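So the chains spell out like this:
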Amino acid sequence: MSEVPDDRIAPLPSRRGARVTEYGRVHHTTEAASRPRVGERIIAAINRDPRTAPHGTRNDAVLAAVLLTGAVCLALLTHEAQRPDALGWTLLVAAHVPIVWRRRRPLLVLAVLMALVVPYHAMDNNHTAVGPASYVALYTLAVTGRPLRTVVTGVAVLTVSVSIMLTVNTHQALELLRISGWVIAVLFCGIDIRYYRQYVAAIVERAERAERTREEEARRRVAEERLRVARDLHDLLAHSITLIGVQTSVAAHVLTADPERLDRAAVAKALDDIAETCRSARGELRTTLEVLRTQDAAAVPDARGPLPGLSGLSDLARSARQAGAHVDLSVDADDLPPAVGAAVYRITQEALTNAVRHAGPKPSVRVEVHAGPGALRLSVTDDGTGPDPSGTPGFGLVGMRERARSVGGTLDAGPRQGTDGFEVTAVLPMPATPRTTPLTPERTA
């Protein structure tokens, strides 16, 4: 197999600076696309607290060198009378050294600078040369300190400066008073930028807190959805498997009781009941798990599907009767909220499952649903022996209580007082008095 010539894989120029081969593969992208623009860097520098800026000491050292260069030029370009001597040059250079640490100790830097500037001015050297360094120190103090301290310090600096200048040259003192507005402007500019940075920091903090709140809310909803799916799976599988187990036992009993007089109709009915239970469980399981299989909520508006409600109680009663229970169903409610209807359905489903499993052979179960003023009352009672105290506890009662609490209701479960059997009662709140339509009680012997 021949090799591909080098010119076929040579990088081709692209509009955005990436190196692209003839086959369209991008080898790398230059940093220009991700590098912030000059304006963005300036805005970021303004919004950032100078005490937390990266490379702050290095940048301040460069700033001190630039200021010193300007001061030297101003001192050299003045007339001979105000040109600094050896001591003046020493004070001028030393006054710019503290600028390197202006971010760390702004008040100390200003104090040291004033201690060096005062004798410099007293020697009647060029008074403009040390001005930029003094303004930078005042600005740093204003932008990092409290406004009251900034104002007090500014007044003190002006007072000391004017006092020194009055002892040296009255005309220069008046000139300093005339240009003191620049000092005040620098101070208030620093205070304004400090307030602006606090405002931006508050906005960023609120945005981050809102983002954290949204993430916590999303995690909470995921946890609630997982709990809901777990409860639905428990109720569905426990109910269906219990019915299948009972119906299988019936079929096995018919087959082994009297093989010579085999009741084929009873066996066929038990097998048909098992098949119907499996089909019903499969359909409900598919609806329950649809929310886990759906990734795009916009594609499926309601991944949960229709919630079960009062209309499904008759199917639960029929399934329990097929398992051998005598069920008396009485419903006196209508137009329930979907969440309350689903809670009634799931609590009744779990209660009937427990009755079929633990109440003994052919138990009598009574289910009553009554909507009163502001509340709906559900009662499921049986006359069986109840669960075995020595058996392994399950999650049925816990799940029913969670169902009731999910809609703001309460649930009590325990042995009946004064007679055999087990009783489950739930009180579920209603948002308003529903329109009740008494239904004819459904009974079986």
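Residues numbered from 1 in each chain as written. Predicted model: local features only at pLDDT ≥ 70, side-chain atom pairs only at ≥ 80, totals over all residues. Heavy atoms only, no water.

**Details of the overall build of the protein**
Step number 1: Each helix and strand in the protein was counted, giving 12 helices and seven strands.
Step number 2: Looking at the protein as a whole, 37% of its 445 residues qualify as buried.
Step number 3: Residue pairs at least 24 apart in sequence account for 69% of intrachain contacts in the protein once pairs closer than 6 positions are excluded.
Step number 4: Total accessible area computed for the protein in this model is approximately 26,600 Å², and 60% of it derives from carbon and sulfur atoms. (Helix = DSSP H or I, 4+ residues; strand = E, 2+ residues; numbered from the N terminus. Buried < 20%, exposed > 50% of the residue type's maximum accessible area, 1.4 Å probe, protein only. Contact = heavy atoms within 4.5 Å. Areas by Shrake-Rupley, 256 points an atom, 1.4 Å probe, with all protein chains shown as cover.)

**Overview of the pattern of salt bridges**
Oppositely charged side chains are able to pair whenever their charged atoms sit close together.
Step number 1: For the coordinates displayed, the defined rule picks out nine salt bridges.
Step number 2: Ionic pairing is found between Glu 217 and Arg 220, a salt bridge with its closest N-O pair at 2.3 Å. Placement of both Glu 217 and Arg 220 in helix 8 (residues 180–257) is noted, with a separation of three residues, approximately one turn of the helix.
Step number 3: For Glu 217, a relative accessible area of 27% gives the class partly exposed. (Salt bridge = Lys/Arg side-chain N within 4 Å of Asp/Glu carboxyl O.)

**Quick notes on the sheet that holds strand 7 (residues 422–429)**
Step number 1: One open sheet holds the five strands; their spatial order is 3-4-5-7-6, and the pairing between them is mixed. The sheet is open, and its two borders are formed by strand 3 (326–332) and strand 6 (410–415), each paired with just one other strand. Recorded for the sheet is a direction-independent mean angle of 5° between the axes of neighbouring strands.
Step number 2: Bridge count between strand 5 (residues 375–382) and strand 7: seven bridges; the pairing is antiparallel. Residue Val 380 lies in a different strand from strand 7, and its bridge partner there is Val 424.
Step number 3: Strands strand 3 and strand 4 (364–372) of the sheet are contacted by helix 10 (residues 313–322), whose axis makes an angle of about 170° with strand 3.
Step number 4: Most of the contacts of helix 11 (residues 338–358) go to strand 7, to which it runs at about 175°, and overall it touches strand 4, strand 5, strand 6 and strand 7. (Pairing = 2+ DSSP bridges. Axes fitted to C-alpha atoms, helices over the stretch in contact; angles between N-to-C directions.)

**Observations concerning the side chain of Asn 354**
Step number 1: Along the polypeptide, Asn 354 turns up in helix 11.
Step number 2: A relative accessible area of 19% means that Asn 354 is categorised as buried.
Step number 3: Here Asn 354 is in contact with Ala 359 and Met 400, once residues within four sequence places are set aside.

**With respect to a nonpolar patch on the surface**
Step number 1: A grouping of Val 151, Val 155, Ile 184 and Phe 188 is seen on the molecular surface, where their side chains present a nonpolar patch of about 350 Å² in accessible area.
Step number 2: Counting through the fold element by element, Val 151 comes out in helix 6 (residues 147–168).
Step number 3: For Val 151, a relative accessible area of 37% gives the class partly exposed. (Patch = residues over 30% accessible without salt bridge, like charges linked within 9 Å, V, L, I, M, F, W, Y side chains within 5 Å.)

**A short note on the packing of helix 3 (residues 86–96) against helix 4 (residues 106–122)**
Step number 1: At a closest axis distance of 9 Å, the pairing of helix 3 and helix 4 adopts a crossing angle of 155°. Taken together, the axis directions place helix 3 and helix 4 in an arrangement best described as roughly antiparallel. Crossing angle aside, the handedness with which helix 3 passes helix 4 is left-handed. On helix 4, the residues touching Gly 88, Leu 91, Leu 92, Ala 94 and Ala 95 of helix 3 are Leu 113, Leu 116, Val 117, Pro 119 and Tyr 120.
Step number 2: Of the residues that constitute the contact of helix 3 with helix 4, the class distribution is nine nonpolar, one polar and no charged. (Parallel < 35°, antiparallel > 145°, perpendicular 65-115°, else oblique. Left-handed = near helix turned anticlockwise from the far one by under 90°. Nonpolar A, V, L, I, M, F, W, Y, C, P; charged D, E, K, R; others polar.)

**Comments concerning helix 4**
Since one α-helical turn is 3.6 residues long, residues separated by three or four positions face the same way.
Step number 1: For helix 4, with 17 residues, the first-to-last C-alpha span of 24 Å sits near the 24 Å given by 1.5 Å per residue.
Step number 2: Those residues of helix 4 that fall on the buried side of the exposure criterion are Pro 106, Val 109, Leu 110, Leu 113, Met 114, Leu 116, Val 117, Tyr 120 and His 121. (Expected span 1.5 Å × (residues − 1).)

**Quick word on the pairing of strand 4**
Step number 1: Inspection of the sheet shows strand 3 paired to strand 4 by seven bridges, in the parallel sense. Residue pairing across strands places Leu 329 opposite Val 367, the latter belonging to strand 4.
Step number 2: In this fold, strand 3 hands off to helix 11, which returns the chain to strand 4; that crossover is left-handed.
Step number 3: Here strand 4 pairs with strand 5 via eight bridges, running antiparallel. Paired with Val 367 across the bridge in strand 5 is Val 380.
Step number 4: Between strand 4 and strand 5, which pair antiparallel in sequence order, lie two residues; one of them, Gly 374, sits at a positive phi of approximately 85°. (Right-handed = clockwise from strand over helix to strand, strands pointing away.)

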